[in-house]
Each structure stands twice: as structure tokens, then as C-alpha cells.
Amino acid sequence: MEMTFRWYGANEEKIKLSDIRQIPGCKGIVGTLMDIPVGEVWPKARIKALKEEIEAAGLTLKVIESVNIHEDIKMGVPSRDKWIENYKTTIRNLAEFGIEVICYNFMPVFDWLKTDLDFKLADGSSTLSFVTKDLPASPEELIQNMADGAEGFSLPGWEPERLAQCKALFDFYKNISDDDLRANFKYFIEAIIPTCEEVGVKMACHPDDPPYSVFGLPRMVKNRDDLDWMMNAVDSAFNGITLCTGSIAEDPANDVVAILAEFTKRGRIPFAHVRNIKFTDVAAKDFYEAPHLSSDGSLDMYAIMQALHDNGFDGYIRPDHGRMIWGETGRPGYGLYDRALGLTYLNGLWEALEKK
Ligand code: DNO
């Protein structure tokens with residue numbers, strides 16, 4: 001297991017690499033190049049510079065989150081082949097600089113979503129929350145709300161160029177079923193996995209967040225059976241999962257511990273996002289993102305770490321979203337302090353498991 005911390009790059013962050021270096025037990029950065037438009041090839045010079053900057057701070061760069069998928073690939077339109085070729089070149093370029101894992105997702109139109117990016121907790125901190133009845137009537141309104149709540153930061157997976165075509169995309173996806181989306185996923189993964197095998201980069205697909213349809217969009221990474229289908233679609237260790245405990249657990253029907261145990265045992269989890277959530281209404285699937293501590297949320301974090309540990313997990317882990325605490329302001333979900341607390345807590349659980 002190697003513990004990492006997500007960092008968006010010097011031009012995108014208030015948080016300094018030198019601060020991250022001081023978090024006990026944090027070895028690596030989960031990095032990205034946020035400004036490269038979706039679908040474009042990531043230039044070697046930019047990857048090299050990012051790696052050098054991170055290594056100069058005493059940290060490693062082995063995981064990228066995300067290299068996002070061009071919408072044409074998800075839509076399955078003929079122009080996808082050009083974007084897939086670009087993606088393969090990006091994989092090769094990243095491999096050349098020692099990247100081992102690429103996290104991505106296959107959610108149509110937009111990435112993760114919440115209905116409140118500044119939900120106040122009783123202790124005075126603020127966090128992200130999702131309340132079904134607060135979902136706006138239209139996706140346009142949701143996009144506006146996310147932008148308004150982002151404190152001026154770019155949000156991962158909410159690329160303006162994609163969102164600008166929101167209406168046209170929604171019209172298109174009206175006629176796309178979950179199975180159509182699956183076929184498009186298979187086409188993509190079949191095309192790129194041989195390149196991954198050749199250069200030694202593992203793909204790690206992030207589950208849908210939330211793991212059910214919103215605004216009628218098709219979804220394909222919602223539960224154990226979807227993950228099983230994906231893993232069988234191309235049965236290679238290089239076709240893996242970013243197992244995000246929070247996202248999977250947002251559907252109370254999902255047994256996150258059993259899912260972790262199964263896919264770790266099958267050797268298909270190169271990367272894990274570990275966070276806790278607290279259901280406020282299980283039937284409505286309403287929740288907020290709790291501190292990582294088990295007793296603050298609805299998930300048993302010891303059982304989660306144990307499922308990884310006891311099944312031979314040897315990938316990368318990062319704490320997931322943190323609250324805003326101690327007066328910090330910043331990119332929602334990605335402040336320094338609470339994620340650092342989460343990281344040290346996860347490391348503590350891991351040490352206890354190692355010494356058992
Ligand atoms: C949210 C993140 C996601 C994740 C992507 C991976 O904070 O967990 O945006 O990075 O879904 O492609």
C-alpha cells in the first residue's frame with residue numbers, strides 16, 4: 001500500500017507541495033494537468049515538468065487523476081477513433097515518466113455531483129452533501145450551482161467545453177441505454193488495454209457518483225455486477241478500478257466491504273479513494289461527506305481497510321474529500337487539513353492491521 005494525496009498543480013492550488021510533504025506517511029502525489037482540454041494529447045514536456053516539480057519536493061508521482069474521456073468516446077460516434085488514438089499516445093507519454101495508474105471515469109456529460117458544496121456541520125466545519133429533493137429541475141441549473149459553489153476553483157470533471165454543449169448532449173443521451181454505454185466502454189477499453197499492457201500502465205475506472213442515474217442519464221459503474229461486467233469485458237490486470245468507498249456506498253444497497261474484498265482478491269484495484277459518508281435519510285439516499293472516522297459516519301472504516309489489507313492490496317490509496325476546517329477556504333472537498341487528518345487516520349488503521 002502506498003499513501004498519496006491529490007494535488008491539482010501549482011497554478012490551480014493554494015496548497016503547497018511542501019505542506020503535503022509534512023503529512024506523516026504521505027509518499028506520493030496524485031497529479032493532473034487540469035488545463036489540457038479533454039481529448040488532447042498530454043505533452044511529454046508538461047508531464048516531465050510536473051514529475052520534476054513533485055520529486056523536487058520529496059514526493060513521487062505514480063498516479064494520474066484523471067485523464068478524462070472525450071465525450072465522443074462515451075457517445076460512441078465515429079470521431080471516437082481519433083480521440084482514442086490521442087488517449088493511447090497520452091498513456092505512452094505518461095508511462096515514459098513512470099506513471100503506473102491512470103484514474104478516469106465513464107460518466108456521461110458530467111462527473112461527480114452534490115447538491116450542496118458548503119453544508120454546515122454541528123462542529124462548525126463545512127462539507128459536501130447530497131439531498132435528492134434538492135437536485136435542481138434542470139442540468140443547466142445544477143451546472144450553475146456547482147460553479148457558484150466552487151469558490152472560484154475549477155472542479156475536476158466539470159470541463160467548461162463539455163458543459164457548454166450540455167443541452168445537445170442531453171438530447172443525444174436520451175436515446176442511449178446503459179447497455180449502449182457499456183458497448184461504448186468496451187470498445188474503448190478493448191482499444192487501449194493492449195497499449196497499457198505494453199507500457200505497464202493500469203487503467204482504474206472510478207465508479208459513478210452517485211451510483212445511480214441522474215437526470216435520466218445512462219450509468220454503468222453502479223454496483224458489484226457492473227464492476228464484474230467491466231472486469232470481464234477485458235480480462236486483464238491492466239483494466240482495473242479506482243474503488244471509491246464513498247461513491248459506491250452512496251447506494252445503501254451496495255456492500256462496500258464485500259465489493260472491496262472481492263475485487264482486491266481478484267487483483268483489480270490498483271487505486272482506492274477512501275472516505276466516509278453519513279446518511280441523513282437512507283431511503284432517500286441523502287447523505288453528507290463525514291470526517292473519515294468510522295464513528296462520525298455510516299461506514300466502518302476499519303472493515304474497509306481490513307478488506308484491502310487482508311486481501312493483499314498493493315496499490316495506491318488516497319484519503320478522499322475532506323471538510324473545510326480551522327477556517328480554511330479552498331476547492332470544495334480538497335482542502336489541506338481535513339484530508340491530512342483522514343490520511344493519518346487511514347495510516348493508523350493500516351498500521352494496526354499490519355501488526356495484528
Ligand atoms: C471527485 C473525484 C472525481 C474523480 C473522477 C475520476 O472529487 O473523485 O472527480 O476524480 O471521477 O475520473
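Quick note: structure is the one above.
Scope of this entry: the structure provided in the associated data block. These numbers come from a predicted model, not from an experiment.

### Side note on the overall build of the protein
And step 1. Tallying secondary structure elements over the protein gives 13 helices and 12 strands in all.
And step 2. The C-alpha atoms of the protein give a radius of gyration of 19 Å, which matches the 21 Å a tight globule of 356 residues would have.
And step 3. Summarising its shape, the C-alpha atoms of the protein cover approximately 50 × 45 × 40 Å along the three principal directions.
And step 4. Contacts in the protein between residues at least 24 apart in sequence constitute 74% of all its contacts with a sequence separation of at least 6.

### Digging into the site of the ligand
And step 1. The full set close to the ligand counts 14 residues, and Ser66, Asn105, Pro156, Gly157 and His206 are the nearest of them.
And step 2. Here the shell around the ligand gets 3 residues from one element, more than from any other, and that element is strand 4 (residues 101–105).
And step 3. Its residues assigned to classes, the shell around the ligand comprises 5 nonpolar, 7 polar and 2 charged.

### A short note on the packing of helix 4 (residues 80–96) against helix 8 (residues 178–199)
And step 1. Between helix 4 and helix 8, the shortest axis-to-axis distance is 10 Å and the interhelical angle comes to 20 degrees. What the angle tells us is that helix 4 and helix 8 run roughly parallel. As for the relative orientation of helix 4 and helix 8, their crossing is right-handed in sense. Between helix 4 and helix 8, the residues in contact are Ile84, Tyr87, Lys88, Ile91, Arg92 and Ala95 and Phe188, Ala191, Ile192, Thr195, Cys196 and Val199, respectively.
And step 2. A per-class count over the contact of helix 4 with helix 8 returns 9 nonpolar, 1 polar and 2 charged.

### Some details on the sheet that holds strand 12 (residues 316–319)
And step 1. Taken in spatial order, the 8 strands line up as 1-2-3-4-7-8-9-12 and close into a barrel, and their pairing is parallel. Adjacent strand axes in the sheet meet at a mean angle of 30 degrees, parallel and antiparallel pairs treated alike.
And step 2. Docked against the sheet, helix 13 (residues 337–355) engages strand 1 (2–6), strand 9 (271–274) and strand 12, running at close to 135 degrees with respect to strand 12.

### Focus on the sheet that holds strand 11 (residues 286–289)
And step 1. With antiparallel pairing, 4 strands are arranged side by side in an open sheet as 5-6-11-10. The open sheet has two edge strands with one neighbour each: strand 5 (116–120) and strand 10 (277–281). Strand-to-strand twist across the sheet, computed as the mean angle between neighbouring axes with direction ignored, equals 40 degrees.
And step 2. Across 3 bridges, strand 5 lies against strand 6 (residues 126–130) in antiparallel orientation. Among the inter-strand pairings, lysine 120 is bridged to a residue of strand 6, identified as serine 126.

### Describing the pairing of strand 1
And step 1. Where burial is concerned, most of strand 1 is hidden: 4 out of the 5 residues are buried.
And step 2. Strand direction decides the pairing type here: strand 1 and strand 12, joined by 2 bridges, are parallel. Across the sheet, glutamate 2 pairs through a bridge with tyrosine 316, a residue of strand 12.
And step 3. Pairing between strand 1 and strand 2 (residues 28–31): 3 bridges, direction parallel. Paired with arginine 6 across the strands is valine 30, a residue of strand 2.

### Section: helix 8
And step 1. End to end, helix 8 covers 31 Å across 22 residues, agreeing with the expected 32 Å (1.5 Å per residue, within 8%).
And step 2. Three or more residues of helix 8 are buried, namely Leu181, Asn184, Phe185, Phe188, Ile192, Ile193 and Cys196.
And step 3. Each element contacted by the buried residues of helix 8 is listed here: helix 3 (71–75), helix 4, strand 7 (202–206), helix 9 (224–233) and strand 8 (239–244).
And step 4. Backbone geometry just downstream of helix 8 places glycine 200 in the positive-phi region, at approximately 80 degrees.

### Thoughts on the packing of helix 11 (residues 256–265) against helix 12 (residues 301–310)
And step 1. Running from amino to carboxyl end, helix 11 crosses helix 12 at an angle of 15 degrees, the nearest separation of the two axes being 8 Å. Viewed along their axes, helix 11 and helix 12 adopt a mutual orientation that is roughly parallel. Viewed along their axes, helix 11 and helix 12 form a crossing whose handedness is right-handed. In this structure, helix 11 contributes Val256, Val257, Leu260, Ala261 and Thr264 to the contact, and helix 12 contributes Ala303, Ile304, Ala307 and Leu308.

Conventions we followed
Residues numbered from 1 in each chain as written. Predicted model: local features only at pLDDT ≥ 70, side-chain atom pairs only at ≥ 80, totals over all residues. Helix = DSSP H or I, 4+ residues; strand = E, 2+ residues; numbered from the N terminus. Rg over C-alpha atoms; globule rule 2.2 N^0.38 Å. Contact = placed C-beta atoms within 7 Å. Near = placed C-beta within 6 Å. Nonpolar A, V, L, I, M, F, W, Y, C, P; charged D, E, K, R; others polar. Axes fitted to C-alpha atoms, helices over the stretch in contact; angles between N-to-C directions. Parallel < 35°, antiparallel > 145°, perpendicular 65-115°, else oblique. Left-handed = near helix turned anticlockwise from the far one by under 90°. Pairing = 2+ DSSP bridges. Buried ≥ 20, exposed ≤ 12 C-beta atoms within 10 Å, placed from the backbone. Expected span 1.5 Å × (residues − 1).

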